[in-house]
Amino acid sequence: MTTTEVTETEPGAAKKHWLRERSELGVCVLLAALGVLVLVDAATISTDFTQRGPVGPKTVPYIVGGLLLVVAVLLARDVLRGGRGVAEGGEDVDLSAPSDWRTVLLLSAAFLANAVLINIIGFPLSGMILFWGSAYALGSRNAVRDPLVAAVLSVLTYLVFNNLLGVPLPGGPLMGVL
């Protein structure tokens, strides 16, 4: 039986088939939920009553939230009228290959380790873990070069943000050294 054939013996098969053919509606729901979240969050932004001019801190979030809702509605309309997303046709993408969940999980672990450790050990060390973990997850296995490159990238990133851009990052135990 092909995916387009529906038999009467399967309960709910017609509903599953309809949803499978319109799976892009999930993206519409996600965009709409994100738009509502942005609008609700924008409504909670406090503004000073002495503010002058038409543009305040709520303007851009209201525009972004409204545009997210408009895109969600337009995409849903297109999907319900039969529009379909085109599968990736690039020559460097193997559409028959399964997802590489190991890489996704390793990258997620490196990111979460950075998020958890940044206030404990500081950005230079947690950033090093992030950079090295990302390189490892993406296939690099050089035991000498990878940690050195990760350390240089992390310290340079810390110095650029902290000293040149004025964005304070936690230094951790290396605060006195850098």
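Residues numbered from 1 in each chain as written. Predicted model: local features only at pLDDT ≥ 70, side-chain atom pairs only at ≥ 80, totals over all residues. Heavy atoms only, no water.

1. Here we look at the side chain of Glu24
Note on placement: Glu24 falls in the loop between α1 (13–21) and α2 (25–43). Taking the relative accessible area as the measure of exposure, Glu24 reaches 18% and is therefore buried. Discounting chain neighbours no more than four positions away, the residues touching Glu24 are Val79, Arg84 and Gly85. (Helix = DSSP H or I, 4+ residues; strand = E, 2+ residues; numbered from the N terminus. Buried < 20%, exposed > 50% of the residue type's maximum accessible area, 1.4 Å probe, protein only. Contact = heavy atoms within 4.5 Å.)

2. Observations regarding the confidence of the model for the protein
Taken residue by residue, the protein gives an average pLDDT of 85. The fraction at 70 or more is 81%. Per-element mean pLDDT across the protein ranges from 65 in α1 up to 96 in helix α5 (residues 123–137). (pLDDT = per-residue confidence, 0-100.)

3. Description of the packing of α2 against helix α3 (residues 59–80)
At a minimum axis distance of 8 Å, the contact between α2 and α3 shows a crossing angle of 160°. By the angle class used here, α2 and α3 are roughly antiparallel. You can see that α2 and α3 cross each other, and the crossing is left-handed. Residue-level contacts link Leu25, Val27, Cys28, Leu31, Ala32, Leu34, Gly35, Val36, Val38, Leu39, Ala42 and Ala43 of α2 to Pro61, Tyr62, Gly65, Gly66, Leu68, Leu69, Val71, Ala72, Leu75, Ala76, Val79 and Leu80 of α3. Residue composition of the contact of α2 with α3, by class: 21 nonpolar, three polar and no charged. (Axes fitted to C-alpha atoms, helices over the stretch in contact; angles between N-to-C directions. Parallel < 35°, antiparallel > 145°, perpendicular 65-115°, else oblique. Left-handed = near helix turned anticlockwise from the far one by under 90°. Nonpolar A, V, L, I, M, F, W, Y, C, P; charged D, E, K, R; others polar.)

4. Considering the pattern of salt bridges
Following the criterion strictly, the structure yields one salt bridge and no others. For Asp146, the salt bridge identified is with Arg145, shortest N-O distance 3.4 Å. For Arg145, a relative accessible area of 45% corresponds to the partly exposed category. (Salt bridge = Lys/Arg side-chain N within 4 Å of Asp/Glu carboxyl O.)

5. A few points about the packing of α5 against helix α6 (residues 145–164)
Two measures define how a pair of helices packs: the angle their axes make with one another and the distance between the axes. The geometry of α5 relative to α6 is characterised by a closest axis approach of 8 Å and an angle of 135° between their N-to-C directions. As far as their axial angle goes, α6 and α5 are oblique. Between α5 and α6 lies a crossing whose hand is right-handed. On α6, the residues that touch Phe123, Pro124, Leu125, Gly127, Met128, Phe131 and Trp132 of α5 are Asp146, Pro147, Ala150, Ala151, Leu153, Ser154, Thr157 and Tyr158. Its residues assigned to classes, the contact of α5 with α6 comprises 11 nonpolar, three polar and one charged.

6. Some points on the packing of aromatic side chains
Scanning all chains against the criterion turns up one aromatic pair. One Lys or Arg, Arg141, reaches over the ring of Tyr136 and ends 3.8 Å from the middle of that ring. (Phe/Tyr/Trp six-rings, centres within 6.5 Å; stacked < 30°, edge-to-face > 60°. Lys NZ or Arg CZ within 6 Å of the ring centre and 35° of its normal.)

7. Examining the side chain of Asn114
Tracing the chain through its elements places Asn114 in helix α4 (residues 101–121). Given the relative accessible area of 10%, Asn114 is considered buried. In this structure, Asn114 is in contact with Ser126, Gly127 and Leu130, ignoring residues within four places of it in sequence.

8. Thoughts on a nonpolar patch on the surface
Taken together, the side chains of Val160, Phe161, Leu164, Leu165 and Val167 make up a nonpolar region of the molecular surface, amounting to roughly 450 Å² of accessible area. With respect to the secondary-structure elements, Val160 resides in helix α6. Relative accessible area serves as the criterion here: at 34%, Val160 is assigned to the partly exposed category. (Patch = residues over 30% accessible without salt bridge, like charges linked within 9 Å, V, L, I, M, F, W, Y side chains within 5 Å. Areas by Shrake-Rupley, 256 points an atom, 1.4 Å probe, with all protein chains shown as cover.)

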